[in-house]
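The chain contents come next:
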Amino acid sequence: MPLDPSFVGRCYPPVGSYQVGREKIREFAEAIGDGNAIYRDTAAARAAGHPDVVAPPTFAVIISMQAQELLVEDPELGLDYSRVVLGEHSFTHHRPIHAGDELVAALYVDSIRTMGGNDMLTVRCEITDATGDPVTTARSMLVVRGEQGDR
Amino acid sequence: MTRRRSVDVADGDELPPLQVRLTRAGLIRYAGASGDFNPIHWNERIAREVGLPDVIAHGMLTMALATRLVTTWAGDPAAVVECGVRFTRPVVVPDDDKGVLVELSGKVTRRRDEGTVLVSITARCNGQNVLGKATATVALA
């Protein structure tokens, strides 16, 4: 069944905040095989002009995926997550994320389109810091594969 | 790590290429680090049930590798102010010790105002592109 287009424009406000920790940044850097000292060594990060270790550019996915869960699990929308594949993704960093940041994320449904039996759902996650200043905008296009797409 | 300087960068410059071998163990490590525990990234039975040929890598892991190519070149990862990709083909990761090789390359395609450049990234696996329209905007020193 196609997704309900009236969800476009809907906002899921932040639920709690995300505390960015040094060890989580290190763990993420290890998982992407990146040995850059700026992810691990506070002195190296400070030498490069940052207040603390910096997060890799795609680290924000941890926060945007958590925000996206509210939509994915919204019974009203009725999304079958086993049929979802990620079509596109982008990040715009208004400033770098670093250890010590306390971030909140609001999720917006920007568009829903149906093409060739598949639904394309475009969502935007606005991540802001404790003072409300913008940090990162994450955009995802999710493809919900239609049942006719099955072999 | 110092940020690469704008005066040292020209249109058409190629970034040092990057080759990364992805294994099942690597996918599980990324699942834990990112919080994305979708079973299609670690369970063959479920991957096949939803019509995939086998376990596939997280698209966001492939994107992270594409971005790593750029941050390594840029010196300071905070120089990457924007990055975006389209996922065109899944990266299938076999259940063996070798895994699969992902080959990344990049090129400076456009200089913008105020010392920022656009880098186009290519990610290939088994001779095929797995990302489309993969770009990063880098703010140089």
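For the structure, see preceding data.
Quantities reported herein were computed from a predicted structural model and do not represent experimental measurements.

Chemist: What exactly am I supposed to notice about the overall build of chain B here?
Modeler: In terms of helices and strands, chain B carries 3 helices and 6 strands. Along the chain direction, N to C, the helices and strands of chain B fall in the order β-α-α-α-β-β-β-β-β. Counting every position in chain B, which comprises 141 residues, the buried fraction comes to 37%.

Chemist: Mind showing me how you'd approach the overall build of chain A here?
Modeler: If you tally the helices and strands in chain A, you get 3 helices and 6 strands. Starting at the N terminus and ending at the C terminus, chain A contains elements arranged as β-β-α-α-α-β-β-β-β. By its C-alpha atoms, chain A is 55 × 35 × 20 Å across when sized along the principal axes. Evaluated residue by residue, chain A yields a buried proportion of 30% over its 151 residues. Nonlocal contacts in chain A, meaning residues at least 24 apart in sequence, comprise 70% of its contacts between residues at least 6 apart.

Chemist: Just to check I follow, could you spell out the interface of chain A and chain B for this structure?
Modeler: Frequently, the measure chosen for interface size is the accessible area removed from exposure when the parts meet. With 31 residues of chain A at the contact, the number on the chain B side is 31 residues. For the side of chain A that touches chain B, the elements supplying multiple residues, two or more each, are helix H1 (22-31), helix H3 (61-72) and strand S3 (84-93) of chain A. The dominant element in the side of chain A that touches chain B, judged by the number of residues it contributes, is S3 of chain A, at 8 residues. For the side of chain A that touches chain B, the per-class residue count stands at 16 nonpolar, 10 polar and 5 charged. Where S3 of chain A and strand S2 (residues 80-87) of chain B come together, 5 bridges link them in antiparallel fashion. Looking across to S2 of chain B, one finds that Ser90 of chain A is bridged to Gly84 of chain B.

Chemist: Explain the packing of H1 of chain A against helix H1 (residues 24-34) of chain B to me, please; I cannot follow it from the model alone.
Modeler: Between two packed helices, both the angle of their axes relative to each other and the distance between the axes serve to describe the pair. Where H1 of chain A contacts H1 of chain B, the two axes come as close as 9 Å, and the packing angle between them is 155°. With respect to their mutual orientation, H1 of chain A and H1 of chain B come out roughly antiparallel. With respect to the hand of their crossing, H1 of chain A and H1 of chain B are arranged in left-handed fashion. Taking contact as the criterion, the partners of Glu27, Phe28 and Ala31 of chain A in H1 of chain A are, on H1 of chain B, Arg29, Tyr30, Ala33 and Ser34 of chain B. Looking at the contact of H1 of chain A with H1 of chain B residue by residue, the classes come out as 4 nonpolar, 1 polar and 2 charged.

Chemist: In this structure, what is going on with the nonpolar core? I would like to understand it.
Modeler: The nonpolar side chains of a soluble globular protein tend to be buried, and buried together. One finds Ile25 of chain A together with Leu65, Ala66, Val70 and Ile121 of chain B to be the most contacted residues of the largest nonpolar core, which totals 74 residues. A total of 10 residues in this core trace back to one element, the largest contributor, which is helix H3 (residues 59-74) of chain B. Apart from the residues within four sequence positions on either side, Ile25 of chain A is in contact with Val20, Tyr39, Val53, Ala55, Phe59 and Ala99 of chain A.

Chemist: Which parts of the structure should I look at to understand H1 of chain A?
Modeler: Working note: α-helix, 3.6 residues per turn, so residues spaced by three or four point in the same direction. Inspection of H1 of chain A places Ile25, Phe28, Ala29 and Ala31 of chain A among the buried residues, and these make up the whole buried set. Down the axis of H1 of chain A, the smallest arc covering the buried residues is 160°, so these residues share one side. On its buried face, H1 of chain A sits against H1 of chain B. Gly33 of chain A sits one or two residues past H1 of chain A and shows a positive phi near 70°.

Chemist: Help me understand unusual backbone geometry in this model?
Modeler: Leave glycine aside and you will find that most residues have negative phi; peptide bonds, for their part, are mostly trans. Residues and elements named next belong to chain B. Even without a glycine there, the phi angle at Asn126 is positive, about 50°. Take Asn126: there are 12 C-beta atoms within 10 Å of it, and that puts it in the exposed class. Even without being a glycine, Lys133 presents a positive backbone phi close to 45°.

Chemist: What is the right way to look at the environment of Gly9 of chain A in this model?
Modeler: Inspection of the secondary structure assignment puts Gly9 of chain A in the segment before strand S1 (11-12). Here the alpha-carbon distance between Gly9 of chain A and Glu76 of chain A, two residues 67 residues apart in the chain, equals 15 Å.

Chemist: I would appreciate a short explanation of the pairing of strand S6 (residues 134-144) of chain A in the present structure.
Modeler: Each regular strand carries side chains that alternate between the two faces of the sheet. Relative to S6 of chain A, S3 of chain A runs antiparallel, the two sharing 9 bridges. From the neighbouring strand, Thr92 of chain A faces S6 of chain A, where its bridge partner is Thr137 of chain A.

Chemist: What should I look at first to understand the environment of Arg83 of chain A in this one?
Modeler: Residues and elements named next belong to chain A. Tracing the backbone through its elements, the reader meets Arg83 in the loop between H3 and S3. Taking the C-alpha atoms as reference points, Arg83 and Val143, 60 residues apart in sequence, are found 8.0 Å from one another. Other than its neighbours up to four places away in sequence, Arg83 contacts Val144 and Arg145.

The rules behind each value
Sequence order as written defines residue numbering, which begins from 1 separately in each chain. As they are written, the chains are lettered A onward and the ligands numbered 1 onward, keeping that order. Local features in this predicted model are restricted to residues of pLDDT 70 or higher, and side-chain atom pairs are both shown and tallied only at a pLDDT of 80 or more, whereas totals for entire chains, interfaces and linings draw on every residue. Put simply, DSSP H or I for four residues or longer makes a helix, DSSP E for two residues or longer makes a strand, and each gets a number counted from the N terminus. The exposure scheme places C-beta atoms from the backbone and then counts, for each residue, the other C-beta atoms within 10 Å of its own, assigning buried at 20 or more, exposed at 12 or fewer, and partly exposed in between. Two residues qualify as a contact pair if the distance between their C-beta atoms, derived from the backbone, is within 7 Å. Residues are grouped as follows: Ala, Val, Leu, Ile, Met, Phe, Trp, Tyr, Cys and Pro are nonpolar; Asp, Glu, Lys and Arg are charged; every other residue, Gly included, is polar. A pair of strands counts as paired when DSSP detects no fewer than two bridges linking them. Convention adopted: a line fitted to C-alpha atoms gives each axis, helices being fitted over their contacting stretch, and angles between N-to-C directions are expressed from 0 to 180 degrees. Each angle receives one of four descriptions, namely roughly parallel if under 35 degrees, roughly antiparallel if over 145, roughly perpendicular if within 65 to 115, and oblique otherwise. Left-handed describes a crossing whose near helix is turned anticlockwise from the far helix through less than a right angle; right-handed describes the clockwise counterpart. Note on terminology: a nonpolar core is a set of buried residues of type Ala, Val, Leu, Ile, Met, Phe, Trp, Tyr or Cys, with members joined through C-beta atoms within 7 Å. Arc definition: directions from the helix axis to the C-beta atoms.

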